[in-house]
Amino acid sequence: MDIFLQQLINGLVLGSIYALVALGYTMVYGILGLINFAHGDIVMVGALVTLTVTQALAGSGLPAPVILLIAACAAIAVCILLGISMERVAYRPLRRAPRLAPLITAIGISMLLQYSAALIWGKQYMPMPELIKTDHYAVAGAQFTGLQAFIFLLACAVMAGLLWFIKTSRIGQAMRATEQNPDVAGLMGIDTNRIISFTFLLGSALGALAGVMVVLYYGLGHYFMGFMLGMKAFTAAVLGGIGNVPGAMLGGMLLGLIESLASGYIGDLTGGVLGSNYRDIFAFLVLILVLVLRPSGLMGQRVSDRA
Amino acid sequence: MLEVRGLKVAYGGINAVKGIDLDVKRGELVTLIGANGAGKTSTLKALTGLHKPISGHIYYNNNEITAQPPFRLVRQGIALVPEGRGVFARLTVEENIAMGAYSRVDREQIAADQDRVYALFPRLAERRRQLAGTLSGGEQQMLAIGRALMSRPQLLLLDEPSMGLAPLMVHKIFETIRAIAAEGVTLLLVEQNARLALEVCHRGYVMESGTITLADSATALLSNPQVRQAYLGE
Ligand SMILES: Nc1ncnc2c1ncn2[C@@H]1O[C@H](COP(=O)(O)OP(=O)(O)OP(=O)(O)O)[C@@H](O)[C@H]1O
Ligand SMILES: [Mg+2]
């Protein structure tokens, strides 16, 4: 079996998930200059809602795709509601406050979501019912499943749609204007508060979708799963250049690839001292390297035009 | 058209505008002059809803508009060309101009107005697809004015449109301001270049550390010894 090709495939799938989550960090940062640390927990809620709905409908006799579609819609709806309320209740009153205030608030909301989830769903791992039989395909010494292909293609389609939306739609133009200068955007007739709400809506919907993918892929959910996933996606956003939408996509994919490839070879490289369970160190190694070598990220904006 | 009564603006503990009265009648050109830090920009920010005043009332077409958000005021016909131009640096010239018409839905009229802006500023037409951040200062000012016109304002507020521009460009901008006024747009012009402003406008207000110290016709202000000494450099 070709380890390189295999890890490449795994990395693209993992990267798709990171990219979707990273978009939520980057869009909110772009428009508010805020690192929404609670975003990873939105993904967790999306994942657990998906699990709950699937478990409830697993015995209903509905076809698997229909169950998954219902679960995904439920997850997206719940996450959108959470994301919009979070902005409205917690961040909006702090819009003109010193930067530290919304940051600490974000950490508070993150904990609030985690412990609420622990109360609602318990602290144990929740299993995903086996709905679809996975079919394997082989390519040049490596193999991938239909599910992997599905996750990758869906993520690519969603991201292409997002880029097109931001570039051409009226709301997309308003998002870009608000991001560049909220006061002047208001003078143009843009209701910037609605645009900010909408940004949270988009980020949360993408996060929910990532949550659905995570439970499909790993078959498990847990109230604390949003923490590590969130940190990784945040790293991906920083890698791509935080605030930059295509950057988050690129950063997510790259981070997924780095992590997969590195964990595929770490055993060989360290003579078996470190196993692939040390994969998490790579993301943070990347974060530190980016912050030291190129803090604005791969596609980051020059600082001058953010003045 | 615009009536301001007892307007006070503050930032934290700093009082920037300390209770001013100001009127602009339909079709008038009015200028507000004053030294750095007098409170001119703060006044315009309050008028356009960018900064909530701590007290006072603003009436527009006999309706109170105090502390309404900017996006509502644009829809009622108030536009501001902000201090420092405020172009969207990472949008193209074309996209900036389109943003100016964001509050409108009449597509054909928007296209026609866009052509008029390009006719007014042929330089912008040549640079349609260029990022606004790469334009020269004068071109950015043209863009800011053209963009403001795209909302079809009845009342246009301009904050130091001549700031940082070479004399030739200043001349061009003031010519444009005359042309805009000739089309029936009411103007409130904030300027450091007091002489030019008073030559173009009907009336003027002089602002000093947050209060209005003089209000008169432009010709009277131009011959006022105090004004001549303090603002016309004589
Ligand atoms: N965002 C702000 N925070 C704190 N103080 C401010 C702020 N904006 C303006 N000020 C203060 O309010 C006062 C009036 O400022 P303003 O910008 O209105 O003056 P101005 O007449 O427009 O001056 P200039 O001609 O230099 O543009 C100044 O003392 C200024 O320091
Ligand atoms: Mg000013």
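Up top you'll find the structure we're talking about.
Residues numbered from 1 in each chain as written. Chains lettered and ligands numbered in written order. Predicted model: local features only at pLDDT ≥ 70, side-chain atom pairs only at ≥ 80, totals over all residues. Heavy atoms only, no water.

### Re the overall build of chain A
Thinking step 1. Per the secondary structure count, chain A includes 11 helices and 4 strands.
Thinking step 2. A compact globule built from 307 residues should have a C-alpha radius of gyration of about 19 Å, and chain A, at 19 Å, falls within 12% of that.
Thinking step 3. The dimensions of chain A, computed from C-alpha atoms along their principal axes, are 60 × 50 × 35 Å.
Thinking step 4. For chain A, the proportion of its 307 residues judged to be buried stands at 52%.
Thinking step 5. Here the contacts in chain A between residues at least 6 apart in sequence split such that 78% fall between residues at least 24 apart. (Helix = DSSP H or I, 4+ residues; strand = E, 2+ residues; numbered from the N terminus. Rg over C-alpha atoms; globule rule 2.2 N^0.38 Å. Buried < 20%, exposed > 50% of the residue type's maximum accessible area, 1.4 Å probe, protein only. Contact = heavy atoms within 4.5 Å.)

### Concerning the coordination of the magnesium ion (ligand 2)
By definition of the ideal shapes, four donors in a tetrahedron about a metal sit 109.5 degrees apart, and six donors in an octahedron sit 90 or 180 degrees apart.
All names here are of chain B.
Thinking step 1. Surrounding the magnesium ion (ligand 2) are the protein donor atoms Thr41 (OG1) and Glu83 (OE), which sit 1.8 to 2.3 Å from the metal. Of the two residues, Thr41 is situated in helix α1 (residues 40-47) and Glu83 in the loop between β6 (78-81) and α3 (93-100); the sequence distance between them amounts to 42 residues.
Thinking step 2. Thr41 sits in the buried class, given a relative accessible area of 19%.
Thinking step 3. Relative accessible area serves as the criterion here: at 38%, Glu83 is assigned to the partly exposed category. (Donors = N, O, S within 2.8 Å, 3.2 Å for Na, K, Ca; no water.)

### Describing the interface of chain B and chain A
Thinking step 1. Contact with chain B, which involves 20 residues of that partner, is made by 21 residues of chain A.
Thinking step 2. In total, chain B and chain A occlude about 2,000 Å² of area from one another, counting both sides; carbon and sulfur atoms represent 58% of this.
Thinking step 3. Sorting the residues of chain B by area buried against chain A places Phe88, Arg90 and Tyr102 of chain B first, and these three jointly supply 39% of that buried surface.
Thinking step 4. Inspection of the region where chain B meets chain A yields 3 salt bridges.
Thinking step 5. Looking at the side of chain B that touches chain A, the elements with two or more residues in it are α2 (70-75) and α3 of chain B.
Thinking step 6. When residues in the side of chain B that touches chain A are grouped by element, the largest group, 4 residues, is from α2 of chain B. (Buried area = accessible area lost by both parts, 1.4 Å probe. Salt bridge = Lys/Arg side-chain N within 4 Å of Asp/Glu carboxyl O.)

### Overview of the pattern of salt bridges
Residues and elements named next belong to chain B.
Thinking step 1. By the definition in use, this model includes 20 salt bridges over all chains.
Thinking step 2. In this structure, Asp113 engages Arg104 in a salt bridge whose closest nitrogen and oxygen atoms are separated by 2.8 Å.
Thinking step 3. The class of Asp113 is buried, set by a relative accessible area of 6%.
Thinking step 4. Among the charged side chains, a network of salt bridges with common partners joins Arg104, Asp106, Asp113, Arg116, Arg152 and Glu183.

### Focus: the layout of surface pockets
Thinking step 1. Of the voids in this model, the largest pocket is the one considered here, and its volume is about 1,500 Å³.
Thinking step 2. Along the wall of the largest pocket there are 47 residues; nearest its centre are Leu32, Arg95, Arg96, Pro182 and Asp183 of chain A.
Thinking step 3. For the lining of the largest pocket, the secondary structure elements donating two or more residues are α1 (3-32), α4 (100-121), α6 (170-180), α7 (182-187), α8 (192-218) and α9 (225-240) of chain A together with α2 of chain B.
Thinking step 4. It is α1 of chain A that contributes the most residues to the lining of the largest pocket, 4 residues altogether. (1 Å grid on protein atoms, 1.4 Å probe; cavity = no way out; pocket = protein on both sides within 12 Å on 5 of 7 lines; lining within 4 Å. Points joined across faces, edges and corners; volume = space filled by probe spheres on them.)

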